[in-house]
Amino acid sequence: MGYILQMKNIVKRFGECYALNGVDLYVAKGETVAIIGPSGSGKSTLLRCVNRLEKVTSGEIIINGQTLVYTDKNGHAIYPKDKQVRQICAETGMVFQHFNLFNHMTCLQNICYAPIKVKRENKDKAIERARELLKLVGLPEKENAYPAQLSGGQKQRIAIARGLAMNPSIMLFDEPTSALDPEITGEVLNVMRNLAKSKITMLVVTHEMGFAREVADRVIFMDQGRIAEQGAPEEIFNNPKSERLQNFLKSILKI
Amino acid sequence: MADFISSIISSFDYIKEILPALLEGTQFTVKLFALTLLLSIPLGLPFALGSISKFWPIKIICKTYIWLFRGTPLMLQLFFFYFFLPIAMDVRLDSFTTAVITFVLNYAAYFAEIYRAGIESIDRGQHEAARSLGVSKTRTMFDIILPQTIKRVLPPVSNEAITLVKDTALVSAIGVGELLKAARGAVNRDVNVTAYAIAAAIYLVLTFVLTLISRWLEKHFSKYEARGD
Ligand SMILES: Nc1ncnc2c1ncn2[C@@H]1O[C@H](COP(=O)(O)OP(=O)(O)OP(=O)(O)O)[C@@H](O)[C@H]1O
Ligand SMILES: [Mg+2]
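Residues numbered from 1 in each chain as written. Chains lettered and ligands numbered in written order. Predicted model: local features only at pLDDT ≥ 70, side-chain atom pairs only at ≥ 80, totals over all residues. Heavy atoms only, no water.

**Q** An account of the layout of surface pockets is needed here, citing residue identities and associated values.
**A** By rolling a water-sized probe across the atoms, one finds the places where empty space is left. Residues and elements named next belong to chain B. Estimates place the volume of the largest pocket at around 810 Å³. Surrounding the largest pocket, 23 residues form its lining, Lys54, His127, Lys137, Thr140 and Met141 being those nearest its centre. Across the lining of the largest pocket, the residue classes break down as nine nonpolar, five polar and nine charged. Computed from the structure, the second largest pocket encloses a volume of approximately 470 Å³. As for the second largest pocket, its lining consists of 20 residues, and the residues nearest its centre are Ile41, Tyr115, Val153, Leu154 and Val157. Sorting the residues of the lining of the second largest pocket by element identifies α1 (2-51), α4 (95-121), α6 (137-167) and α8 (194-221) as the ones contributing at least two each. (1 Å grid on protein atoms, 1.4 Å probe; cavity = no way out; pocket = protein on both sides within 12 Å on 5 of 7 lines; lining within 4 Å. Points joined across faces, edges and corners; volume = space filled by probe spheres on them. Nonpolar A, V, L, I, M, F, W, Y, C, P; charged D, E, K, R; others polar. Helix = DSSP H or I, 4+ residues; strand = E, 2+ residues; numbered from the N terminus.)

Structure, rendered in structure tokens:
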């Protein structure tokens, strides 16, 4: 079946530390996958390997049929030329915990920049599309505002629009609400909920168990650089098999 | 009383007498200042980019250049070029041109270091966001990083500009007739320190104007930081 993302036996080592230790992950088109797990279990590293913010130590990643990296007989990870890597990674849209909006650009410019400069889209069309995206995330009136003039929740919604503007085949979210005050996480989660409904493929690292339970098609529990358990949300949350997951869920619910 | 008035009038006359020479000196000072700034501000950028380059030969060349020019006295560099260029390279340049060349090379090194620090102070998240959108390294530098660096380097750059105004006085050592040299001429000739006071006033006016300009620029470039960073 058509997988948007295939990750095979991914190993990522930082010095002596194995951040990822043999991860296999397949994401189907239209699927929403939530990744949960304790701090330091390798969730961010996994996402960052998908769009080459980190280079894998070994393993294979295929994004929408294009090979981003494979491992040769000698165990070396082989990436194509930088230009091709960038083109493959542009198939993924990344949303960061700390937004990382371009501070010197207005919201509209933030959204249009990559489509115009990287994809060489027609400028008027890109602007038109950016306005649609601003509507989609509920901020049409912020077109000319600078990031510094927005609240955290608004910044994150603009960041989502910026990611969507490249028409990626998969959206990656790394704890998109962790830097936000609890009372404004809702506006961001709402936008993501709508994306999931419109069958945009998403890989979401999150501490929002309610969101994972409600929106995800599949939940992955990571521990010590491996996928320790995965399944439908009901299974994971109502019927956790491994002791680690049980402990993790207990510790989360206590907070 | 009459004595006092007549002494004021005569000192006015004296000022009127020495002013043309001082203003001519000021011309050299301002010209040297403007040329140095105009050339060294852009020249600092390639050296800054070179000093953070991943290509080590370029990195070493740029770092060495910055180290040499920041690590030795400007006065020494001035003497060096004044004697080195004619003797070793057989080019004859007037002392003003020599001064401009030395100052540009010296100040470009300082600006390069300021730019480097500014570029490296931009949050890594900006690089990562650009990368995740498929933006090339070069484009990221010129479209995303450098525009945000301008605001951060403005205060140290204007600081250097003010230092430069005062450094111009050094070139009298190789015979350029700038403001301080003109003033010293008048003081030695007339045994009267008025010329120094006027020179000081002129330097103060120049640095004051610079302060105003830099303040205006800082305001202009912080328009996108309505609520700070
Ligand atoms: N650049 C790096 N250099 C060295 N070690 C790193 C680096 N990035 C991550 N690590 C290590 O890799 C492991 C996994 O880190 P990662 O950030 O992926 O965890 P995480 O699951 O995202 O945790 P959190 O929930 O706290 O964000 C950790 O032990 C971390 O210390
Ligand atoms: Mg993380």
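**Q** A description of the interface of chain B and chain A should follow, citing residues and the corresponding values.
**A** Across the contact, 25 residues belong to chain B and 30 residues belong to chain A. Interface area for chain B against chain A, summed over the two sides, is near 2,400 Å², with a carbon-plus-sulfur share of 55%. Per-residue buried area on chain B facing chain A is highest for Arg131, Leu133 and Tyr224 of chain B; these three make up 30% of the total on that side. Seen at the junction of chain B and chain A, the total is two salt bridges. A salt bridge links Asp82 of chain A to Arg131 of chain B; its shortest N-O distance comes to 3.4 Å. Where chain B touches chain A, the interface holds eight residue pairs in polar contact (both at pLDDT 80 or more). (Contact = heavy atoms within 4.5 Å. Buried area = accessible area lost by both parts, 1.4 Å probe. Salt bridge = Lys/Arg side-chain N within 4 Å of Asp/Glu carboxyl O. Polar contact = N/O pair within 3.5 Å; in protein donor to acceptor, adjacent residues only side chain to side chain.)

**Q** How would you summarise the site of ligand 1 if you had to cite specific residues and measurements?
**A** Residue and element names in this part refer to chain A. Taken together, 13 residues lie near ligand 1, and Ser39, Gly40, Lys43, Ser44 and Thr45 sit nearest. At a separation of 2.8 Å, an oxygen atom of ligand 1 approaches a polar side-chain atom of Lys43. For ligand 1, an oxygen atom lies 2.6 Å from a polar atom in the side chain of Ser44. Out of a free accessible area of 640 Å², ligand 1 has 59% covered by protein chains. When residues of the shell around ligand 1 are traced back to their parent elements, those giving at least two are β2 (17-28) and α1 (43-50). No other element matches α1, which puts three residues into the shell around ligand 1. Among the residues making up the shell around ligand 1, the classes are represented as four nonpolar, seven polar and two charged. (Near = heavy atom within 4 Å. Areas by Shrake-Rupley, 256 points an atom, 1.4 Å probe, with all protein chains shown as cover.)

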